[in-house]
Amino acid sequence: VPIADVATTTSTITVSGAGAYLWDVDVTTFIRHTFAADLDITITSPAGTVVTLTTDNGAGNDDVFNGTVWDDSANPGGQVPYVTNNGLVTDHAYVNGVLASPLVPEGALAKFVGENPNGVWTLTIVDDLAGDTGTLDQWALSLTTFATAPTQAPVQSFVQNTPVAIPTGPAVVASNLVVSGLTHAICKISVRTSIPHSFGADLDITLQSPNGTVVTLTTDNGAGNDNIFNGTVWDSSGPPVTDYVFTNLVVAALLSPEESLGAFMGESGNGTWILTVSDDLAGDGGSIDSWQLDISTCTCAEPVVRQAVPVP
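Residues numbered from 1 in each chain as written. Predicted model: local features only at pLDDT ≥ 70, side-chain atom pairs only at ≥ 80, totals over all residues. Heavy atoms only, no water.

## Things to note about the overall build of the protein
Counting its secondary structure elements, the protein contains zero helices and 21 strands. In terms of overall dimensions, the protein is globule-like: its C-alpha atoms have a radius of gyration of 20 Å, near the 20 Å expected for 312 residues. Expressed as a percentage of the 312 residues in the protein, the buried residues total 54%. Sequence separation of 24 or more characterises 79% of the internal contacts of the protein that already satisfy a separation of 6 or more. (Helix = DSSP H or I, 4+ residues; strand = E, 2+ residues; numbered from the N terminus. Rg over C-alpha atoms; globule rule 2.2 N^0.38 Å. Buried < 20%, exposed > 50% of the residue type's maximum accessible area, 1.4 Å probe, protein only. Contact = heavy atoms within 4.5 Å.)

Laid out in structure tokens, this is it:
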């Protein structure tokens, strides 16, 4: 499908025969285009849920998404502080003509968990700047499904109330939270942060599981707005932090992190979790007043079915 200049391009895949409960989805794109940052790419499920793969990433580099696998679990590392973080679409060090793969998308593919994947999926590509064109040669879905929904336990909450000062940068601080009593694997997790700070874009924040998986909540988002993460719930269902319109002194109540919390799905959850905050610019400070994990675990008696669904 040609990707015309300053235009919208769509392509569809019809899924049939998959299990009725979607556990995981990966997307592969073969897109040739001579200016990656022109592209805003989303995927829409049969239920109408929309997830952003990328908006304006990749700068002027060519063909960097020509074979990219988009996967919530593409980058299990990447502890702050960092300048670039390969595997994360928003922080990858792109090279002209070199494929960037795999990548964690800008929105969480975990937003699709629990939906029935059978039906029409739509890939939408918006070229939002003049001067360059390209082609969508092919794309594919790889689905993990269950025949029936897993048995999900009630949400268990764990809170760390010991404040940690965030000095004026550059500085890195961490807060630990011990989780115990979970009897099954994680199937959903959300994070609540109470972090007053007088310049949101100073902050790079990550969450590390006891298994060592690191998820970036935010890097350099929020511009000069104050206290915007002082009560934020980070959940896959929220709008991407990278595209959110922040307002000074107004808490962004619900945000999807820069890297998907879906990366923690299937892990045990018991042990020490670490919230790390890097203040990477001088002049402003704050504190981690408290933070909370809300964890739901689940079990499934059905076998996992992995199904690859390419475009013919």
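## With respect to the side chain of threonine 52
As for its placement among the helices and strands, threonine 52 is situated in strand β5 (residues 50-55). Ignoring anything within four residues of it in the chain, the contact list for threonine 52 reads Ile41, Thr42, Pro105, Glu106 and Gly107.

## Focus on unusual backbone geometry
Following valine 80, the chain continues into proline 81 via a peptide bond in cis, with omega recorded as 5°. Inspection of the secondary structure puts proline 81 in the loop between β6 (66-70) and β7 (119-127). A cis geometry characterises the amide bond from serine 101 onward to proline 102, with omega recorded as -5°. With respect to the secondary-structure elements, proline 102 resides in the loop between β6 and β7.

## Overview of the pairing of strand β18 (residues 271-279)
Relative to β18, strand β12 (residues 171-179) runs antiparallel, the two being bridged by nine bridges. Across the sheet, the residue bridging to asparagine 176 is isoleucine 274, located in β18. (Pairing = 2+ DSSP bridges.)

## Structural notes on the sheet that holds strand β4 (residues 39-44)
The strand order across the open sheet built from four strands is β2-β7-β4-β5, with neighbouring strands paired in antiparallel fashion. Edge positions in the sheet fall to β2 (8-15) and β5, since each has one partner strand and no second. Sheet twist, expressed as the average angle between the axes of neighbouring strands with direction ignored, equals 15°. Here β2 runs beside β7; their pairing, made up of eight bridges, is antiparallel. From the neighbouring strand, isoleucine 13 faces β7, where its bridge partner is tryptophan 121. (Axes fitted to C-alpha atoms, helices over the stretch in contact; angles between N-to-C directions.)

## Here we look at the pattern of salt bridges
Under the defined criterion, the tally for this structure stands at two salt bridges. Across the pair aspartate 137 and arginine 32 runs a salt bridge whose closest N-O atoms are separated by 2.6 Å. Of this pair, aspartate 137 sits in strand β8 (residues 134-146) while arginine 32 is found in strand β3 (residues 21-33), placing the two residues 105 residues apart along the sequence. Residue class for aspartate 137 comes out partly exposed when judged on its relative accessible area of 40%. (Salt bridge = Lys/Arg side-chain N within 4 Å of Asp/Glu carboxyl O.)

## Examining the environment of alanine 253
Looking at where alanine 253 falls in the secondary structure, it is placed in the loop between β16 (229-234) and β17 (254-255). Sequence-wise, alanine 253 and glycine 87 are 166 residues apart; in three dimensions their C-alpha atoms are separated by 27 Å. Each residue touching alanine 253, except ones within four places of it in the same chain, is listed here: Gly231, Thr232 and Val233.

## Considering the environment of proline 257
Looking at the element boundaries, proline 257 is found in the loop between β17 and β18. Assessed through its relative accessible area of 3%, proline 257 is described here as buried. For the pair proline 257 and threonine 206, spaced 51 residues apart in sequence, the C-alpha to C-alpha distance is 9.5 Å. Ignoring any residue separated from it by four or fewer positions in sequence, one finds proline 257 in contact with Glu106, Thr216, Leu217, Trp234, Asp235 and Val241.

## Some details on the side chain of threonine 206
Residue position: threonine 206 is located in strand β14 (residues 203-208). A distance of 2.3 Å separates a polar atom in the side chain of threonine 206 from a polar atom in the side chain of glutamine 79. (Polar contact = N/O pair within 3.5 Å; in protein donor to acceptor, adjacent residues only side chain to side chain.)

## Observations concerning the environment of asparagine 116
Looking at where asparagine 116 falls in the secondary structure, it is placed in the loop between β6 and β7. Of the residues examined, asparagine 116 reaches a relative accessible area of 38% and is grouped as partly exposed. In sequence terms asparagine 116 and alanine 165 are 49 residues apart; their C-alpha atoms lie 45 Å from each other. For asparagine 116, the contacting residues outside a window of four places in its chain are Gly19, Ala20 and Pro46.

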